[in-house]
Protein chains: 2
Amino acid sequence: MNPLSMPPRLLMGPGPITVDPRVLQAMSTQLVGQYDPTMTAAMNEVMELYRGVFRTANEQTFLVDGTSRAGIEAALVSLLEPGDRVLVPVFGRFGHLLVEIAQRCGAEVHTLHRSWGEVFDPAEIETALQQVQPKVLAIVQGDTSTTMCQPLAEIGALCRAHGVISYVDATASLGGNHFVTDDWGIDVVTAGLQKCLGGPSGSAPITLSPVAVAMINARKHIEAGIATDSDTPSGSRIASNYFVLAQIMDYWGPRRLNHHTEATSLLYAARECARLLLDEGLDAAVARHGLHGTAMLEGLRGLGLTPFGDPTHKMTNVAAVHIPDGVDGEKVRTALLDDFGIEIGMSFGPLAGKVWRVGTMAYNARKDAVLTTLAALEQVLRSEGATVTAGGGVGAAREVYA
Amino acid sequence: MNPLSMPPRLLMGPGPITVDPRVLQAMSTQLVGQYDPTMTAAMNEVMELYRGVFRTANEQTFLVDGTSRAGIEAALVSLLEPGDRVLVPVFGRFGHLLVEIAQRCGAEVHTLHRSWGEVFDPAEIETALQQVQPKVLAIVQGDTSTTMCQPLAEIGALCRAHGVISYVDATASLGGNHFVTDDWGIDVVTAGLQKCLGGPSGSAPITLSPVAVAMINARKHIEAGIATDSDTPSGSRIASNYFVLAQIMDYWGPRRLNHHTEATSLLYAARECARLLLDEGLDAAVARHGLHGTAMLEGLRGLGLTPFGDPTHKMTNVAAVHIPDGVDGEKVRTALLDDFGIEIGMSFGPLAGKVWRVGTMAYNARKDAVLTTLAALEQVLRSEGATVTAGGGVGAAREVYA
């Protein structure tokens, strides 16, 4: 078989997106040993960097070795004992995923639902918190399936007022939309690298408040073969070894207890993603996503396309537009990829076949990426028989930039 | 914070080891989209390559996105329902890990034990199979904690004769020790990249026999949000979404059902690891590990060190030697790292502080790596007050090469 040879792509879908070349370079750095002082120093740096990214003082801020949903599962399986009540407000596909994972943890799952394209009012969530009295509230910040961004500024405080642990899946939003873990009083947050952080899928940053940590450590069982006499097991053992955060915290902490072998190359990537983001500045990065996201949305409108969903609650980093009547959405997507090397996305569930999703995130939240995509989309739409104004997309985006 | 800068290391421990530079280069390849035809083609190539590596015709041969123990947990949580009996012969730390993971799956775990440094006789295992009548036998091939390699040629057939599903953790051995999935009749095998495959930690190749696949699909529940009307759930749902092999097989298969977002950079790495191994030839790679492993072992003997454990059942790719009386094992390890940039390992449990473990695997199963390590170790041992024959290590290794 031949060596790997992949074609150049401009990834303008809902993620994964084109990785920042500096992250690719970091990932090609040669390994050091698992407990090499330079490795444990890099682990500590990653913890510190992600405290910055999550805007938290939480000591327990580290990486779960797996894709974003590994981070979600690690959080939920560690927080929820079988029979515990959890409340999940669902406003898109990834809300369903939280339900699915919580059910597999054996939790008693209560849901709230909003139509795809809308978000929840905090008052609705408070009423449900009072009725359900859950142990945990689990909610997505930005659901790429609908492009909606749930306001969270009041949710953490509501949860604390009702004695509920709050968990947020910020996979698709972190780095491109405002998020402040401590100021909002969120207990547990997980993310991924492949959206606004500009890295590849495969590593899931997580942060845990002291209250969440205490809850998790109340069910600590160090595995046989490395436990010492002072490791008295407590509480019911969680139904996973891979996601046992109580032990993983001892791997990232001063004890350096052996658990998995850290996925070093992805740790290098995660380090560089956070370093670049903090070097730019979180507010500047959110503003950049806002600018290029707006330019893309206006450009899509300028091509005659109609945005989907509540415009006041759209994520900065991805736009959804209705596929015009009579146009084959998948054919347009394929032509963009085959003729221009540009990828955009479709969606799931009730939106399958109905909208395109166009991302502007991380490395690709750039003017040239936006204008190139709009120029190519104009050509493809015309070929596929849609009515488009010549130059309407690029022109509208240029007005945003001017 | 500064860009990443890691020191050069020669990783001669039990793994992770120095990654083949061609694998690092593959990992720095830019991403394509998750369902780009070139991505799904690369996934198919990875499946085909790992059929070669595992020496199997199993259709279901793919990657689990996580470190080696993610592969183990995916296998066990998918095969074992709560209350199922599993037999685990334990001859080192990683046998304990199989016990731990099976317990967390809720299985009724039965164990056999051998002193560290020994392996099991197939007759012992057959007797236990008859007594316990487990659903699954779970066993490690090569346990790096002791450097022992369990003979498996008869185990698969014994399991099939007794109607037992066999699972083998080949993380530390695959690629450097003889392993033939189909000829031995093993049902499920998992591995990692960071040992004899020459890659980084973070991706776990797995292969599943048709019988194992049927057992797993009997408990298939497609997640809400992407399930269709024809997806009738069957059996009891497994206690994990991340490790739900029934759904992951539909992601790797023609249905391309969305599950996680594949960790593309690690898929690139896994592809290159397998490509290089098959290009060399599996038998040639095992012979190379045998040659350099023998040279290292004889070199260590030539330095006056005594091998640990049953020499007839040693893995090719890692040697353990007793730390001489009066020598501080950790101090030697640190001096090797600080003064020569070479890493060797200590061990766990009953062997903690008692042996050094020296690996010769994948990219580092090379003459210059062996001789450099022995030359440096001679210097360090002398500094630390051990009695060593000048040139005894390199000389003995050279005799193996001559």
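## Regarding the packing of helix 11 (residues 282-302) of chain A against helix 13 (residues 367-383) of chain A
All names here are of chain A. Closest axis-to-axis distance for the helix 11/helix 13 pair is 10 Å, and the angle between their directions is 15°. Considering the angle they form, helix 11 stands roughly parallel to helix 13. The element helix 11 and its partner helix 13 pack so that their crossing is right-handed. Across from H292, A295, M296 and G299 in helix 11, the residues of helix 13 making contact are K367, V370 and L374. Across the contact of helix 11 with helix 13, the residue classes tally to 4 nonpolar, 2 polar and 1 charged.

## A few points about the pairing of strand 2 (residues 60-64) of chain B
Residues and elements named next belong to chain B. Burial of strand 2 is extensive: 5 of the 5 residues sit out of reach of the surface. As judged from the 5 bridges shared by strand 2 and strand 10 (residues 204-208), these two strands associate in the antiparallel manner. Within strand 10, the position partnered with T61 by the bridge is T207.

## Considerations on the relation of the copies chain A and chain B
The two chain copies are related to each other by a rotation about an axis together with a translation along it. Here chain A sits on chain B after a turn of 180° about the axis and a move of 0.0 Å along it, with an RMSD of 0.0 Å. The superposition operator between the copies reduces to a two-fold rotation axis. Distance from the rotation axis, computed per C-alpha, reaches its smallest value in chain A at G66(A): 2.5 Å. Of the residues that chain A buries at the interface, 100% are likewise interface residues in chain B, meaning the two copies contact each other through the same surface.

## Overview of the sheet that holds strand 9 (residues 188-190) of chain A
Residue and element names in this part refer to chain A. The strand order across the open sheet built from 7 strands is 2-10-9-8-5-3-4, with neighbouring strands paired in mixed fashion. Where the open sheet ends on each side, the last strands, each with one partner, are strand 2 (60-64) and strand 4 (108-113). Strand-to-strand, the axes of this sheet are offset by a mean angle of 20°, without reference to chain direction. Note: strand 5 (residues 136-140) against strand 8 (residues 165-169), 5 bridges, orientation parallel. From the neighbouring strand, V140 faces strand 8, where its bridge partner is D169.

## Comments concerning the sheet that holds strand 4 (residues 108-113) of chain B
Residue and element names in this part refer to chain B. With mixed pairing, the 7 strands of this open sheet are ordered in space as 2-10-9-8-5-3-4. Each edge of the sheet is formed by a strand with only one pairing partner; in this case those strands are strand 2 and strand 4. Taking the axes of each pair of neighbouring strands and ignoring which way they run, one obtains an average angle of 20° across the sheet. Note: strand 3 (residues 85-90) against strand 5 (residues 136-140), 2 bridges, orientation parallel. The residue bridging L87 from the neighbouring strand is L137, located in strand 5. Across the sheet, helix 4 (residues 93-104) lies against strand 3, strand 4, strand 5 and strand 8 (165-169), angled at about 165° from strand 3, the strand it touches most.

## Brief notes about helix 4 of chain B
All names here are of chain B. The terminal C-alpha atoms of helix 4, which comprises 12 residues, lie 17 Å apart, in line with the 16 Å expected from a rise of 1.5 Å per residue. Taken across its 12 residues, helix 4 has 12 buried, putting it largely inside the fold. Considered for burial, the residues of helix 4 that qualify are R93, F94, G95, H96, L97, L98, V99, E100, I101, A102, Q103 and R104. Tucked into the core, helix 4 has its buried residues touching helix 3 (68-79), strand 3, strand 4, strand 5, strand 6 (142-143) and strand 8. In the segment just after helix 4, G106 is the residue with positive phi, at about 85°.

## Let's talk about unusual backbone geometry
The linkage connecting G15(A) with the following residue, P16(A), adopts the cis geometry, with an omega of 0°. Here P16(A) shows up in the loop between strand 1 (10-11) and helix 1 (21-27). One non-glycine residue, T147(A), lies in the positive phi region at around 70°. Residue class for T147(A) comes out buried when judged on the 34 C-beta atoms lying within 10 Å of it. With phi around 45°, Q133(B) is a residue other than glycine that occupies positive phi space. Looking at where Q133(B) falls in the secondary structure, it is placed in the loop between helix 5 (122-132) and strand 5. Residue classification places Q133(B) among the partly exposed residues on the basis of 13 C-beta atoms within 10 Å.

## What to know about helix 14 (residues 392-401) of chain A
Residue and element names in this part refer to chain A. Within the sequence span of helix 14, burial applies to G393, V394, A396 and A397. Around the axis of helix 14, the buried residues are gathered within 165° of arc, so they sit on the same side. On its buried face, helix 14 sits against helix 11 and helix 13.

## Considering the environment of V211(B)
Residues and elements named next belong to chain B. Inspection of the secondary structure puts V211 in helix 8 (residues 210-217). For V211, a count of 12 C-beta atoms within 10 Å puts it in the exposed group. Between the C-alpha atom of V211 and that of I165, which follows or precedes it by 46 residues, the distance is 8.3 Å. With near-sequence residues (within four places) excluded, V211 lies in contact with I165 and D187.

## Overview of the domain arrangement of chain A
How big an interface is tends to be stated in terms of accessible area lost as the parts join. Residues and elements named next belong to chain A. As assigned here, chain A comprises domain 1 (14-278) and domain 2 (282-401). Once you take the C-alpha centre of each, domain 1 and domain 2 turn out to be 30 Å apart. The interface of domain 1 with domain 2 comprises 29 residues on the first partner and 27 residues on the second. When the residues that make up the side of domain 1 that touches domain 2 are grouped by side-chain class, the tally is 11 nonpolar, 14 polar and 4 charged.

Basis of the calculations
Residues numbered from 1 in each chain as written. Chains lettered and ligands numbered in written order. Predicted model: local features only at pLDDT ≥ 70, side-chain atom pairs only at ≥ 80, totals over all residues. Axes fitted to C-alpha atoms, helices over the stretch in contact; angles between N-to-C directions. Helix = DSSP H or I, 4+ residues; strand = E, 2+ residues; numbered from the N terminus. Parallel < 35°, antiparallel > 145°, perpendicular 65-115°, else oblique. Left-handed = near helix turned anticlockwise from the far one by under 90°. Contact = placed C-beta atoms within 7 Å. Nonpolar A, V, L, I, M, F, W, Y, C, P; charged D, E, K, R; others polar. Buried ≥ 20, exposed ≤ 12 C-beta atoms within 10 Å, placed from the backbone. Pairing = 2+ DSSP bridges. Least-squares fit on C-alpha atoms with pLDDT ≥ 70 in both. Expected span 1.5 Å × (residues − 1). Arc of directions from axis to C-beta. Domains from an automatic or database assignment.

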